[in-house]
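Spelled out from the first residue to the last, the chains are:
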Amino acid sequence: MSMQTIRAKEGVKMAVMEYIDAIRLAMKEEMERDEDVFVLGEDVGLKGGVFTTTKGLQEQFGELRALDAPLAESAIAGVAIGAAMYGMKPIAEMQYSDFMFPATNQIISEAAKIRYRSNNDWNCPLVVRAPIGGGVFGGLYHSQCPESVFFGTPGLKIVAPYTPYDAKGLLKAAVRDPDPVLYFENKKCYKLVVGEVPDTDYTVPIGKANVLREGDDITVISYSLPLHYAMEAAEELAQEGISAHILDLRTLQPLDKEAILEAARRTGKVLIIHEDNKFGGIGGEVSAIIAEEMLYELDAPIMRLCGPDVPAMPINPPGEKFFMLNKEKVKESMRHLALY
Amino acid sequence: MKTVVEVIMPQLAESLVSATIEKWLKQPGDPVDVYEPLAEIITDKVNAELPSTLKGTLVKILVGAGETIPVGTPICLVETEDDIAEGIPSSSGSNPQEAGKGSGNAALSAEAAGFTASGDGDTSMRHRYSPAVQQIAAEHGVNLTLVPGTGLGGRITRKDVLAYVASGAVKQAAAPKAEPSVAAAKPEQLNMDPRVPVRSSGIHFSETPRIPHIEVEGQSIPGSGETFVDITPIRNTIAQKMRQSVTEIPHGWMMIEVDVTNLVVLRNKLKDEFRAREGVNLTYLAFFIKAVVNAIKDYPIINSVWAVDKIIVKRDINISLSVGTEDSVITPVIKNADQKNIAGIAREIDVLARKTRDGKLKLDDVQGGTFTVNNTGSFGSILTQPIINYPQAAIVTFESIVKRPVVINDMLAVRSMANVCLSLDHRILDGVICGRFLQRVKDTLEGFDQEMKLY
């Protein structure tokens, strides 16, 4: 339990829980708070989700608020969009983000654009939850990171929590947001990341990044699972006298420009890390923001450590190990930048 | 041709992130075959044997008994014949760092050499100034040729300029322009300053004190009266569960005393024959569990869980049995205890207790408990205030049987008496229901007589 945890504030009761429990708790509390909130997706009802993320919701709220959908992601997204436009607050689950692509048209062409297209007459308070990432022996169809597919779509908000605290707070913020939010939860974090979660009704603001660790030698900017490796690597590098400043983006769209620039200014040396492949990924956009705004404060080329530009996560274990980021790879890149 | 291959800690279950080596079954020098157990490992709940993935000779143990390591960490080295190693590429080819190891650490030493070279020899980057360096230099009027570079290829980093400015060398360098040799000598010294932490004595403030991870029996710090004992995974689980139970559940407590004289007589009459016939001891605990199960049947609310907006009453009666070992307590479960007779319960107690002490419990053995019974009398207690086995609704203890003078019909009699203690989740249960429950346990226990059937 050496995970990084958000420290308890005075007087607030904290429970230590796993990332997946924080997601489940957020849905449960929002459904209790607002009867317009409901979940739909494949196996979310009776089975309680293939990862148990929605376990207990059907027992508590009934079949109509924990709705088992047919194997048709475009229908799941479409039904949710319709319900949202009508005033409901749907949480649509894509069983794996890999299965999300049949719903892309609904999400990009309908959900993202309805407010703009109707000149503010209609909006779409929709949440789409989708587990991203590999490292679970899932191969091609259960390991993808689709952030970059949706990243360049104005009208969508995208969040990707790393801590259980953020997992709960961001999901609540997403449910209450008047516009469509894609909630990318990392399936390897489900049981791996444990942290303190206050039992108060709090939200984490969408669009705000978070400094996980302060340091003076290098700035690491990342989101989701790779932060786990970065935090571990930073701990070890501290023994070598290298101090790392680590920024968790938390929200990918819109990016928290101010926080990114502030973190980059701190050291002038920036390393951006994500599991999604390098070319066309979030890192390119973060890098461009820094280059546009503060070229003269940079002390080293902006560096990126990402998944390789190959078509898919291999199913064979050595191949998966090669593809995935890990503490060693992250540490090596951090050290390289520090020594530069 | 022989190759040394690393064996890594495998992922035993999807959710598992770390495991502890309990003990090594093979020692360096021992031959190992594929699937032969190398070591025993402990996870949060279950123990398992770790089979070898290859055939060869165990060369070196990398992780000692008692150490907890993340999944994927190499735990030992096995020397194999080359053709065999090729047959199982997943273990030899998977680790790219290992490829270097085969060729005699050549890669490693080259890497180390690379770092030192960039430290002093290589100066190819000495005159490549980054925008940040130029900006700070311009702001403070720093002559960059005087600033020592600690970066790659002798590059001046942003921190180097900042350190140079902070050291006050700028003024000294700027003022006596006539004697550059003095100014040039200064930075030579400063070169070391920012990197080497100031150390007066003992641990420096910036350094986190190290806590020894592995406890050596009886080890202590000279001069202090303390010994460090490492937290085992099971200890950690117990600590978490206990804390969760005490903080979340408002505990209530009550106790009754039971006259078990008849039971003592009954058991003494039957125990030898039972032992001969069944091969296990006929313990008081078996009778006690039977009495508890009967009482739960009458008051099913005892067998429940608090679920915030409702109470979940469990239909199955699965009795968690507290079994203590030297350094921990585990609660294996007697499933469907209401469908078993006293002989069946006695047999199950024996099996579970043996498994617990041998560390052979499977995950299935410890899951699904709905109510906990603790035989505290077995270690001489006459009164306990047990902590509820979270998330159950209550726990009951059976204390020592002692002979005491008791008043019966205004006459004194010497009877075998035992206390029964109950801790209850006061969100679910109140005094009246628990009083009735205990009364039913008492009635059943006192009602056991010579006619009692074990089967």
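A short tour of the structure in this document, coming up. (Residues numbered from 1 in each chain as written. Chains lettered and ligands numbered in written order. Predicted model: local features only at pLDDT ≥ 70, side-chain atom pairs only at ≥ 80, totals over all residues. Heavy atoms only, no water.)

## A word on the interface of chain A and chain B
- Counting residues at the interface gives 26 residues for chain A and 25 residues for chain B.
- Roughly 2100 Å² is buried in total at the junction of chain A and chain B, and carbon and sulfur atoms are behind 50% of that figure.
- Applying the counting rule to chain A against chain B returns two salt bridges.
- Here Asp217 of chain A makes a salt bridge to Lys159 of chain B, at a shortest N to O gap of 2.6 Å.
- Inspection of the chain A/chain B interface yields 12 residue pairs in polar contact (both at pLDDT 80 or more).
- Taken together, the elements giving at least two residues each to the side of chain A that touches chain B come down to helix H8 (189-192), helix H10 (257-267), helix H12 (317-323) and helix H13 (327-339) of chain A.
- In terms of residue class, the side of chain A that touches chain B is built from nine nonpolar, five polar and 12 charged. (Contact = heavy atoms within 4.5 Å. Buried area = accessible area lost by both parts, 1.4 Å probe. Salt bridge = Lys/Arg side-chain N within 4 Å of Asp/Glu carboxyl O. Polar contact = N/O pair within 3.5 Å; in protein donor to acceptor, adjacent residues only side chain to side chain. Helix = DSSP H or I, 4+ residues; strand = E, 2+ residues; numbered from the N terminus. Nonpolar A, V, L, I, M, F, W, Y, C, P; charged D, E, K, R; others polar.)

## Re the layout of surface pockets
Residues and elements named next belong to chain B.
- What the second largest pocket holds in volume is close to 350 Å³.
- Around the second largest pocket, the lining is made up of 16 residues, and of these Leu285, Ala353, Arg357, Asn375 and Ser378 lie nearest the centre.
- Of all the elements in the fold, those that place two or more residues in the lining of the second largest pocket are strand E13 (323-324) and helix H12 (342-358).
- Per-element accounting of the lining of the second largest pocket gives the leading share, five residues, to H12. (1 Å grid on protein atoms, 1.4 Å probe; cavity = no way out; pocket = protein on both sides within 12 Å on 5 of 7 lines; lining within 4 Å. Points joined across faces, edges and corners; volume = space filled by probe spheres on them.)

## Some points on the environment of Leu270 of chain B
All names here are of chain B.
- Here Leu270 shows up in helix H10 (residues 261-278).
- Residue class for Leu270 comes out buried when judged on its relative accessible area of 16%.
- On a C-alpha basis, the gap between Leu270 and Leu454 in space is 9.3 Å, while along the polypeptide they are 184 residues apart.
- In this structure, Leu270 is in contact with Leu282 and Leu454, ignoring residues within four places of it in sequence. (Buried < 20%, exposed > 50% of the residue type's maximum accessible area, 1.4 Å probe, protein only.)

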